[in-house]
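Each chain, written out:
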Amino acid sequence: MNGSGPHDSLKGEKDARQNGHEEADPGEDGNDQEVIVIQDTGFTVKICAPGIEPFSLQVSPQEMVQEIHQVLMDREDTCHRTCFSLQLDGNVLDNFAELKTIEGLQEGSLLKVVEEPYTVREARIHVRHIRDLLKSLDPSDAFNGVDCNSLSFLSVFTEGDLGDSGKRKKKGTEMEQIDCTPPEHILPGSKERPLCALQPQNRDWKPLQCLKVLTMSGWNPPPGNRKMHGDLMYLYVITVEDRHVSITASTRGFYLNQTVGPVQKPAHSVALVQRHPFERIATPFQVYSWTAPQAEHAMDCVRAEDAYTSRLGYEEHIPGQTRDWNEELQTTRELPRKNLPERLLRERAIFKVHSDFTAAATRGAMAVIDGNVMAINPSEETKMQMFIWNNIFFSLGFDVRDHYKDFGGDVAAYVAPTNDLNGVRTYNAVDVEGLYTLGTVVVDYRGYRVTAQSIIPGILEREQEQSVIYGSIDFGKTVVSHAKYLELLEKTSRPLKIQKHKVLNDKNEEVELCSSVECKGIIGNDGRHYILDLLRTFPPDLNFLPVEGEDMPEECKKMGFPKQHRHKLCCLRQELVDAFVEHRYLLFMKLAALQLMQQKANKQESSVALENGASAENGAADSERTEPQDSKMDDGVTGLEQVKELAETIASDDGAVDPKSREVIRNACKAVGSISDTSFDIRFNPDIFSPGVRFPESSKEEVQDQKQLLKDAAAFLLSCQIPGLVKDCLDHTVLPMDGATLAEAMHQRGINMRYLGKVINFITKTPGRAQLDHIFKIGISELITRSAKHIFKTYLQGVELSGLSAAISHFLNCFLSSFPNPIAHLPADELVSKKKNKKRKNRNLGNADNTAWASMTPQELWKNICSEQVTPARAWTHQTSILLKEYNFDNRHKPTFTEEDILNIFPVVKHVNPKASDAFHFFQSGQAKVQQGFLKEGCELINEALNLFNNVYGAMHVEICACLRLLARLNYIMGDYSEALSNQQKAVLMSERVLGIEHPNTIQEYMHLALYCFANSQLSTALNLLYRARYLMLLVFGEDHPEMALLDNNIGLVLHGVMEYDLSLRFLENALAISSKYHGCKSLKVALSHHLVARVYESKAEFRSALQHEKEGYTIYKNQLGEHHEKTKESSEYLKYLTQQAVALQRTMNEIYKNGSNANIMPLKFTAPSMASVLEQLNIINGILFIPLSQKDLENLKAEVQRRQQLQESMKSGEHTEPAPSLLHILVKRGFQAKRLISPQSLSETVLRTAIFVSLR
């Protein structure tokens, strides 16, 4: 139930309290109380707008009036109004007031929409809004990656909205209406991978033109006498029928010139009604598509007008003024955060400003690289130039003043901005009051890396040396410190595990720091304390940093480390630091517990003490090499509890602790490398092994300990984290489908992508190598793709704008095509005009020859790829957009790509992603409740999390998607199929829009939606969705993937249900083959697969084949579960039934052979499978198993419910009792290997079935 397995977006966040030494989170009680507060105050108001019936609107007291405005502008029936006020009992509501502050506003209040007089600003907003509505009619903005539009194709497969399940039920159940034939290219074994099907063209998407031209008239501005009649501006319109119209925008509305009535608005609502709101709402960050269909370049007045009116600050409709990004970013962080409503307001403001800043920074970075922004130091060499645009500072990723000379030059300068961004992200997450970071966005575009930052007030007016009052500007030669910075940074040192330490400056004076030396502190003119250059926030990775005279641990040497890397800025990831500290904490607890047990034994018997002493030492050594496991003895458990109590007592500095116990803690602290000897506290000094940084003699021992700690961390990554990842892949708890999801899985375990080669090597040496085939293929593909990307980056730097499409198509031909000697087509002007070329060269940022790219050959490229270190095309082209057509990569007679195939080049944008912390805690609490069996409470918590996520992020976000998916799953289990369908439809649309149409998460969302469609009797829709999921899976990875077995089982079962037996067998037998490969022939999943195949053979009356498969399944059940297990008995019964049927059939055949047409034939029973039985099997393969409970279990459940109710009451009244055991225990006692638990709708009802997720392994 934890979302959707390995790729769940919400899984990544770590709990701050993990090692028992950070501040505890507010208890769940606090959360529950806050839930009640919110739930009590949500209410519905009635909206009365001119010309339409009043309608109800659900609102939250935290919302502002402005948000109701926005809702009305987005609704189809009210979207043509922009200039209006909302009135309650004749009083105009303030747009920026929160609803809870408005007197008299309550459940059922009537809000009137009242037209207000226009101003020039309001008229501009209205025209802008009309333009946006006109543009939303076709998807070209989504293909071009503009204005946060993105693609969604769900409606093509569901033929509109799935909400009207009642009206559509008939269609599903009438068998003859269902066309079950899958497209040829998705059948098992098909080698075709057509690209056009990726973006099916919906017939509604033919551009629906309402106006030919809508532009400012040449009669502007209005003369004085017309101004005094209320004229604001004039517009010129040409309708589709070629009617030329002039419109006056006046304070009273929009009118045709020389006429009396207001102009009719274009009929856009008809088109918009057919689209789900989630298909139109802008995403918070831009999502780019790597393919697009061929589009005729047609005249488009609306976009033409947009392209050349100044976009600077246009979002705010204040032309000529730009936003002060730094002030906005810092002011939102300073908002109060004492209670939930304040925190929600603050997080919403932070998120909104960040997404606006990211969009502005991306546009600015592209303008800088395209040469459309003037440098602030134009006389310097191009690489050294810096830019300011829209109050954002832009710099390029080159080593301009030998700043990174000792770290790897340009390569280090290229990596530093992403390291810095990770630092900014981390300090923002810790969120210490009074400490400020810069708004930072890193943009890769056309081979260049651009860092966009907000500007510290006053920094441009003084030299850097004068500004920096903390840290170093020359990597540790001159170092300064500041008391206020030390105080602020010390607050971050505990959560970030950074050790306060002393370094020597150029005068050999000791300087105290609480960060790396590169971290600079600057007090801006606004009096705020800023920190910047956070590129070494985390400790160095010694596996890629050979240091003379330093010996690495044995584990590292065995795997060929340390290795020389291209730069010396390799850091450990935060996830690795957290995992290492957690590992050490468990070790600390074990060591202390062993010593305490030893002391206890010493008192009892001296002979036992010696044995225990030896085991304590061995235990310490073993624990360091292998991952700590749970203590098997009760003594061990009590020992650990004792240690916890003891550690807390010592930490609180209580004198009552006896010296021996203090000694125990001190020894354990020393053994694990804690910086304190009274409590567990591991921190890292980020300056260790930093070139140029010197430490005072007094810190010699401390520095030595820190060096050892870094070596241990490097060894931990190799000996624990990489084997752990491979084991998870082998167990299928992690199921990457492409390079991005593999990278995510590695990052979650703190493994950097530079270890990918090592991960692949480890896989090749793993005993179950065949079961890791999919990971191996993804890894190899990702290696090649990343190597090609590095080469492509420098390749592009030498290319002029006019030669971009020729250069990219040539590179793709060298990389992917089978054509042996592709020739690049140089742009004509490069050959003709030499003078022009000389002038241009100065503007070109790269130092390469402008046409050097044309001489690249496939042999040279692949040689370079091999020295750097399938489906590479999709992974690689995320930077470019190619024409959606069929490409033949095997043709040796002509190149695969031409210039016309390259449609666009997009930036790759890295930015901070602010989190909705309260919503996330609600989500986690909801998940925990669900797993404990409190289904109803879990559902309520997750609904609240959804409300809070919407409050912070708006309607579109990846975390809202995870919330909707879980809600749909809960609705389904509780029997509310139509609600499950509605929530899952939103989840699919959102996944397509926010993650991408072929993202692995989107594929899984399609599968879930298909199941809920089937449960709602929408069979043809369910099949269409499954076919789409299979096509996407083939495109992303191919057929040979464990997830494909699940998908094929789903398709096979649905086809079985609609009596398409031959087709069903093709998919089910493919699933059986894949399951056997990836789970092993003796797995329970394979047994289930055999049973599903047997059922179809039975329906075809091919009993021999059915018996053969069921026998295979029976053997597995018998060997794995024993003869008396329920599953084995079921299989045995089914075998008997099949045997009887086979015998009956044989008798009938014998009768026919003997007596011919006179034979007396008993009718054989051939039954089509019932929908209920198919749904039951679908539930089982998708991990939802309903287990009948005995009367005794029911009584236990009732007792459990009563105990829980008493427990909750006693907690409310302040008493403390032992927590009740979860339902899991009851069911596990019955012998079920339960993975995740869900209870029924209401535990207090007498229930006959409990839904439980069971591991089928």
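Residues numbered from 1 in each chain as written. Predicted model: local features only at pLDDT ≥ 70, side-chain atom pairs only at ≥ 80, totals over all residues. Heavy atoms only, no water.

As for its placement among the helices and strands, serine 109 is situated in the loop between strand 4 (91–92) and strand 5 (110–115). Of the polar contacts made by the side chain of serine 109, one reaches the backbone oxygen of glycine 104; its length is 3.4 Å. Within the structure, serine 109 has its side chain in polar contact with the backbone nitrogen of glutamine 106 (distance 2.9 Å). When residues no more than four places from it in sequence are discounted, the contact partners of serine 109 are Thr44, Val45, Lys46, Leu88 and Gly104. (Helix = DSSP H or I, 4+ residues; strand = E, 2+ residues; numbered from the N terminus. Polar contact = N/O pair within 3.5 Å; in protein donor to acceptor, adjacent residues only side chain to side chain. Contact = heavy atoms within 4.5 Å.)

Attention shifts here to unusual backbone geometry. The residue after asparagine 220, namely proline 221, is reached through a cis peptide bond having omega -10 degrees. For the bond running from phenylalanine 561 to proline 562, omega is 0 degrees, close enough to zero to count as cis. With respect to the helices and strands, the residue proline 562 is situated in the loop between helix 16 (554–558) and helix 17 (574–604). The backbone of aspartate 89 sits at a positive phi, close to 50 degrees, despite the residue not being glycine.

A word on the pairing of strand 17 (residues 501–504). Relative to strand 18 (residues 510–513), strand 17 is paired through four bridges, and the arrangement is antiparallel. Within strand 18, the position partnered with leucine 504 by the bridge is glutamate 510. Between strand 17 and strand 18, which pair antiparallel and follow one another directly, the connecting turn spans five residues, one of which, asparagine 508, has a positive phi of 60 degrees. (Pairing = 2+ DSSP bridges.)

All right, on to the pairing of strand 9 (residues 253–256) then. Sheet analysis places strand 8 (residues 244–250) next to strand 9, joined by four bridges and oriented antiparallel. Directly across from serine 250, in strand 9, lies its bridge partner glycine 253. As consecutive antiparallel partners, strand 8 and strand 9 are separated by two residues.

Next up on the list: the packing of helix 33 (residues 977–994) against helix 34 (residues 1000–1015). Their axes nearest at 9 Å, the elements helix 33 and helix 34 cross at an angle of 160 degrees. What the angle tells us is that helix 33 and helix 34 run roughly antiparallel. Where helix 33 crosses over helix 34, the handedness of that crossing is left-handed. Taken together, the residues of helix 34 that come into contact with helix 33 (itself represented by Tyr977, Ala980, Leu981, Gln984, Gln985, Ala987, Val988, Ser991 and Glu992) are Asn1001, Thr1002, Glu1005, Tyr1006, His1008, Leu1009, Tyr1012, Cys1013 and Ala1015. Tallied by class, residues from the contact of helix 33 with helix 34 come to ten nonpolar, six polar and two charged. (Axes fitted to C-alpha atoms, helices over the stretch in contact; angles between N-to-C directions. Parallel < 35°, antiparallel > 145°, perpendicular 65-115°, else oblique. Left-handed = near helix turned anticlockwise from the far one by under 90°. Nonpolar A, V, L, I, M, F, W, Y, C, P; charged D, E, K, R; others polar.)

We now examine helix 20 (residues 659–672). Because each turn of an α-helix spans 3.6 residues, side chains separated by three or four positions in sequence point in the same direction. When the terminal C-alpha atoms of helix 20 are compared, their 20 Å separation across 14 residues agrees well with the 20 Å that a helix rising 1.5 Å per residue should span. Two residues or fewer past helix 20, glycine 673 is found with a positive phi of approximately 85 degrees. (Expected span 1.5 Å × (residues − 1).)

Now for the sheet that holds strand 3 (residues 84–88). Read across the open sheet, the five strands follow the order 2-1-5-3-4; overall the sheet is mixed. One side of each edge strand has no neighbouring strand; the edge strands of this open sheet are strand 2 (55–59) and strand 4. Where strand 1 (residues 43–48) and strand 5 come together, three bridges link them in parallel fashion. The partner of lysine 46 across the bridge, within strand 5, is leucine 110. Lying on the sheet, helix 2 (residues 65–74) is in contact with strand 1, strand 2, strand 3 and strand 5; it crosses strand 3 at an angle near 120 degrees.

Moving on, we get to helix 41 (residues 1171–1181). Of the residues making up helix 41, those classed as buried are Val1174, Leu1175, Gln1177, Leu1178, Asn1179, Ile1180 and Ile1181. A positive backbone phi angle near 90 degrees is found at glycine 1183, which sits one or two residues after helix 41. (Buried < 20%, exposed > 50% of the residue type's maximum accessible area, 1.4 Å probe, protein only.)

On to the nonpolar core. In this structure, Phe394, Phe949, Leu1055 and Leu1178 are the most contacted members of the largest nonpolar core, which totals 170 residues. A total of 13 residues in this core trace back to one element, the largest contributor, which is helix 35 (residues 1019–1036). Listed in part, the 67 residues of the second largest apolar core include Val577, Phe580, Val643 and Leu718. (Core = buried A, V, L, I, M, F, W, Y, C linked by side-chain atoms within 4.5 Å.)

For glutamate 76, the position within the fold is in the loop between helix 2 and strand 3. With relative accessibility at 21%, the residue glutamate 76 sits in the partly exposed group. As for glutamate 76 and proline 277, which are separated by 201 residues in sequence, their C-alpha atoms are 9.5 Å apart.

What follows covers the sheet that holds strand 12 (residues 392–396). The sheet built from five strands is open, its strands ordered 11-12-15-14-23 with antiparallel pairing. Two strands bound the open sheet, and with one partner strand each, they are strand 11 (386–389) and strand 23 (908–911). The average angle at which neighbouring strand axes cross in this sheet is 20 degrees, direction not considered. Inspection of the sheet shows strand 12 paired to strand 15 (residues 448–454) by five bridges, in the antiparallel sense. Its bridge partner lying in strand 15, leucine 396 is registered against valine 450. In the packing of helix 12 (residues 340–369) onto the sheet, contacts are made with strand 11, strand 12, strand 14 (440–445), strand 15 and strand 23, and the angle to strand 14 comes to roughly 40 degrees.

What follows deals with the packing of aromatic side chains. The geometry of an aromatic ring pair comes down to the distance between the two centres and the angle between the two planes. On inspection of all chains with the given rule, the structure shows 29 aromatic pairs. Aromatic pair phenylalanine 580 and phenylalanine 716: ring centres 5.5 Å apart, planes at 65 degrees, arrangement edge-to-face. One end of the pair, phenylalanine 580, is in helix 17; the other, phenylalanine 716, is in helix 21 (residues 700–730), with 136 residues separating them in the sequence. An identical accessibility class is assigned to phenylalanine 580 and phenylalanine 716; each is buried. Just above the ring of tyrosine 436 sits the side chain of arginine 528; from NZ or CZ to the centre is 5.5 Å. The aromatic ring of phenylalanine 776 is capped on one face by arginine 769, whose charged end is 4.2 Å from the ring centroid. (Phe/Tyr/Trp six-rings, centres within 6.5 Å; stacked < 30°, edge-to-face > 60°. Lys NZ or Arg CZ within 6 Å of the ring centre and 35° of its normal.)

Here the focus is the pattern of salt bridges. Going through the model one piece at a time under the given rule, you end up with 56 salt bridges. In this structure, arginine 449 and aspartate 444 form a salt bridge, with 2.7 Å as the shortest nitrogen-oxygen distance. Among the residues examined, arginine 449 registers a relative accessible area of 8% and is labelled buried. What makes aspartate 444 buried here is its relative accessible area of 12%. By sharing partners, the salt bridges in this structure join Arg333, Arg337, Arg346, Asp431 and Glu433 into a single network. (Salt bridge = Lys/Arg side-chain N within 4 Å of Asp/Glu carboxyl O.)

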